Amino acid sequence: MARMDTRPLLRRLPRTDDLLNRPDLTELASSQPRAVVVDAVRDIVEGLRSRILSGEACEFDADTVAAAAAGLVATRMRPSLRRVVNATGIIVHTNMGRSVLADSALRAVLEVGGNYSTLEYDVATGERGSRHSHVERLIRDVTGAEAAMAVNNNAAAVLLGIAGLASRKEAIVSRGQLVEIGGSFRIPDVMRQSGAKMVEVGATNKTHASDYEQAITSRTGLILRVHSSNYRVVGFTEEVPLSELVRIGRAHGVPVYEDQGSGVLLDLRPFGLPDEPTVRSSIEAGADLVSVSGDKLLGGPQAGILAGKAHVIARLKKHPLARALRMDKMTLAALEATLRLYLDPERALAEIPTLRMLTTPNDAVAVRARLLVDRIIGACGDAYLAVAMPDVARAGGGAMPMADIATTVVALAPRSMSANDLELRLRLGEPAIVTRIKDDRVLIDPRTLTTAEEAEVVGALARVCAAGPAGR
Ligand SMILES: *Cc1c(COP(=O)(O)O)cnc(C)c1O
């Protein structure tokens, strides 16, 4: 094959300086960092140059090159961490940031992040205060514990709890609870990191009280119980209840720590949700230490909450790891505001988005789904076959794994493209709308949408149908 003469095309490539002197790019460089605009122009021109040199046929002129550079600037200046619309019905979606914060928590973040604060300052005495003080009283009130503290996340809480109670000692744990919590966070690995020697008891499916009793020695520092918040062992199984472990621990002077995971502070059974232990129930059963996540079913920011006996918490606060694992002020502000809502359970259920989405009755979701169908048909005509239909939502975040939450979704079958194509276009839009696909239909669950987001979904669907099957 004869080599194409690339010289005429190369000569036509616009010069970087000429491009940067165009009025449109000059203006762009005054609103965006000049270095980013310069880099984008160079990258587009260089990209074209290598395509020409590789023999590709390229269509371009100064206008298209400038437009491509402006597009690249927009992409590079767009925040990487940005909002998405979660239409999946998976409430505590780990990959999409778990819990959405309550309004009062957001206001607290702005107030504390944008000003100096009482983070470690006691205005009454004018002296140094304690970072723990902002949430300790609230955690005590909502859990009944003697003392409490909060750290960066529950993984940190588990590390600190085990290190504080059982470093250079033995920690007893059931083989049925040696779980991976996610992202290669496994109980045996955390044990090793915390300096405790793990003593496994029982079998994968069954562990008895006598297994724990026989494992206790003079070196035992801790009995750990990991609540199956994100997995289930079903069938021929047996676990030792917390109250029984507490009896064994007390008889031998060994503290009992329950890692409860999902962080349920209210009894959610009246809403048809599973019987998850609350932190209060574990404290009442006598646990010396309980830890939970702040951003799973609790509905707050990423945090690990440790509640328990005063002498245990005092020890953990003094541990060197506590400093390394501490929360930052904005998260602490959000956690305090979220916990304050729990002082009035009605308010917590109404104002904490995670709790609201979990407990909204399906009837109410169905009404929203049917209205959404009408609005989609109003905006898009018959571009989609749209129906409201029953489906199942999930608590997500590994919490309540067996709970089928009855919900009503909008199922969309586009007439002129595949469901996969529609799902992709919604996801690549601004804002990104994340949906589910089932049986060749795109499912949109209003349970995890706000009213404003419903309007965005209708708008996005209207744009997709106006662009037609080939449009992007
Ligand atoms: C989720 C979970 C953790 C980890 O909590 P993070 O807040 O994600 O660090 C630890 N233990 C259990 C039982 C969990 O469910």
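Residues numbered from 1 in each chain as written. Predicted model: local features only at pLDDT ≥ 70, side-chain atom pairs only at ≥ 80, totals over all residues. Heavy atoms only, no water.

Draft legend 1. Representation of the overall build of the protein within the structure. Looking only at helices and strands, the protein has 20 helices and 18 strands in total. Seen through its C-alpha atoms, the protein measures out along the principal axes to roughly 90 × 60 × 50 Å. Burial statistics for the protein: of 472 residues in total, 49% are counted as buried. For the protein, contacts bridging at least 24 residues in sequence account for 75% of all contacts bridging at least 6. Looking at the protein as shown, the accessible area adds up to about 22,900 Å², and 52% of this sits on carbon and sulfur atoms. (Helix = DSSP H or I, 4+ residues; strand = E, 2+ residues; numbered from the N terminus. Buried < 20%, exposed > 50% of the residue type's maximum accessible area, 1.4 Å probe, protein only. Contact = heavy atoms within 4.5 Å. Areas by Shrake-Rupley, 256 points an atom, 1.4 Å probe, with all protein chains shown as cover.)

Draft legend 2. Geometry of the environment of A307. Examined against the element boundaries, A307 turns out to sit in strand β13 (residues 304–308). Taking the C-alpha atoms as reference points, A307 and I139, 168 residues apart in sequence, are found 7.3 Å from one another. Apart from the residues lying within four places of it in its own chain, the contact partners of A307 are I139, T143, A145, A147, A148, V279, I283, D288, L289, V290 and I313.

Draft legend 3. Spatial organisation of the environment of A455. Along the chain, A455 turns up in helix α20 (residues 451–467). Placed 285 residues apart in sequence, A455 and E170 show a C-alpha to C-alpha distance of 56 Å.

Draft legend 4. Just the packing of helix α19 (residues 419–428) against α20, in detail. Direction vectors running N to C along α19 and α20 enclose 120°, while the axes themselves pass 10 Å from each other. In terms of their interaxial angle, α19 and α20 are classed as oblique. For the pair α19 and α20, the crossing hand works out as right-handed. Taking contact as the criterion, the partners of L422, R425 and L426 in α19 are, on α20, A460, L461 and V464. Along the lines of polarity and charge, the residues of the contact of α19 with α20 split into 5 nonpolar, no polar and 1 charged. (Axes fitted to C-alpha atoms, helices over the stretch in contact; angles between N-to-C directions. Parallel < 35°, antiparallel > 145°, perpendicular 65-115°, else oblique. Left-handed = near helix turned anticlockwise from the far one by under 90°. Nonpolar A, V, L, I, M, F, W, Y, C, P; charged D, E, K, R; others polar.)

Draft legend 5. Looking closely at helix α8 (residues 154–166). Here α8 spans 18 Å end to end across 13 residues, near enough to the 18 Å set by a 1.5 Å rise per residue. A large share of α8 lies buried, amounting to 11 of its 13 residues. Phi turns positive one or two residues past the end of α8, at R168, with a value near 60°. (Expected span 1.5 Å × (residues − 1).)

Draft legend 6. Just the domain arrangement of the protein, in detail. Split into domains, the protein comes out as domain 1 (11–77), domain 2 (84–92 + 358–467) and domain 3 (103–345). A separation of 36 Å is found between the C-alpha centroids of domain 2 and domain 3. Each partner contributes residues to the interface: domain 2 has 12 residues there, and domain 3 has 14 residues. Together domain 2 and domain 3 conceal approximately 1,000 Å² of surface at their shared face, both sides included; 82% is due to carbon and sulfur atoms. At the boundary of domain 2 and domain 3, one finds 0 salt bridges. (Domains from an automatic or database assignment. Buried area = accessible area lost by both parts, 1.4 Å probe. Salt bridge = Lys/Arg side-chain N within 4 Å of Asp/Glu carboxyl O.)

Draft legend 7. Local environment of the environment of L349. Mapped onto the fold, L349 is located in helix α16 (residues 345–351). Separated by 92 residues in the primary sequence, L349 and R441 place their C-alpha atoms 32 Å from one another.

Draft legend 8. Representation of the packing of helix α18 (residues 362–380) against α20. Between α18 and α20, the shortest axis-to-axis distance is 9 Å and the interhelical angle comes to 30°. Pair α18 / α20 crosses with right-handed handedness. Between α18, through R368, L372, R375, I376, A379 and C380, and α20, the contact on the second element is made entirely by T451, E454, A455, V458, L461, A462 and C465. For the contact of α18 with α20, the class distribution of residues is 9 nonpolar, 1 polar and 3 charged.

Draft legend 9. Up close: the sheet that holds strand β17 (residues 436–438). As summarised here, the arrangement of the 5 strands in space is β2-β14-β15-β18-β17, forming an open sheet in which the pairing is mixed. Strand pairing shows two members of the sheet lacking a second neighbour, β2 (90–92) and β17, which therefore form its edges. The average undirected angle you get between the axes of adjacent strands in this sheet is 40°. Of the pairings in the sheet, the one linking β17 to strand β18 (residues 441–444) comprises 3 bridges and is antiparallel in character. Opposite K438, over in β18, you have R441 as the bridge partner. Contacting β14 (384–396), β15 (405–414), β17 and β18, α19 crosses the sheet at an angle of about 40° to β18. Sitting on the sheet, α20 is in contact with β14, β15 and β18, with an inclination near 135° to β14. (Pairing = 2+ DSSP bridges.)

Draft legend 10. Structural context of the packing of aromatic side chains. Following the criterion strictly, the structure yields 0 aromatic pairs and no others. Above the ring of F60, the side-chain terminus of R12 is found at 4.8 Å from the ring centroid. Between K206 and the ring centre of F236, over which it is positioned, the NZ or CZ distance is 3.7 Å. (Phe/Tyr/Trp six-rings, centres within 6.5 Å; stacked < 30°, edge-to-face > 60°. Lys NZ or Arg CZ within 6 Å of the ring centre and 35° of its normal.)

Draft legend 11. Representation of the sheet that holds strand β5 (residues 147–151) in the model. In space, the 7 strands of this open sheet follow the order β5-β13-β12-β11-β10-β6-β9, with mixed pairing throughout. Looking at strand neighbours, the two that pair on one side only are β5 and β9 (197–201), the edges of this open sheet. Put simply, the sheet's adjacent strands are angled 20° from each other on average, direction ignored. In this structure, strand β12 (residues 289–293) lies alongside β13, joined through 5 bridges in antiparallel fashion. Its bridge partner being in β13, V290 is matched across the sheet by A307.

Draft legend 12. Highlighting the state of the cysteines. Per the stated rule, a full pass over the model turns up 0 disulfides. With no disulfide partner, C465 has as its closest neighbouring cysteine sulfur the one in C380, 3.6 Å distant. Classification of C465 by relative accessible area gives partly exposed; the value is 24%. (Disulfide = S-S within 2.5 Å.)

Draft legend 13. Up close: the pairing of β12. When you tally the buried positions in β12, you get 5 out of 5 residues, the bulk of the element. Burial of β12 is two-sided: the residues L289, S291 and S293 facing one way and the residues V290 and V292 facing the other way are all buried. Following the chain from strand β11 (residues 256–261) across helix α12 (residues 279–284) to the adjacent parallel β12, one finds a crossover that is right-handed. (Right-handed = clockwise from strand over helix to strand, strands pointing away.)

Draft legend 14. Inspection of the pattern of salt bridges at higher detail. If you walk through the whole model with that rule in mind, you get 37 salt bridges. Across the salt bridge formed by R7 and D5, the nearest N and O atoms sit 3.1 Å from each other. The network of salt bridges with common partners includes E120, R128, R131 and R326.

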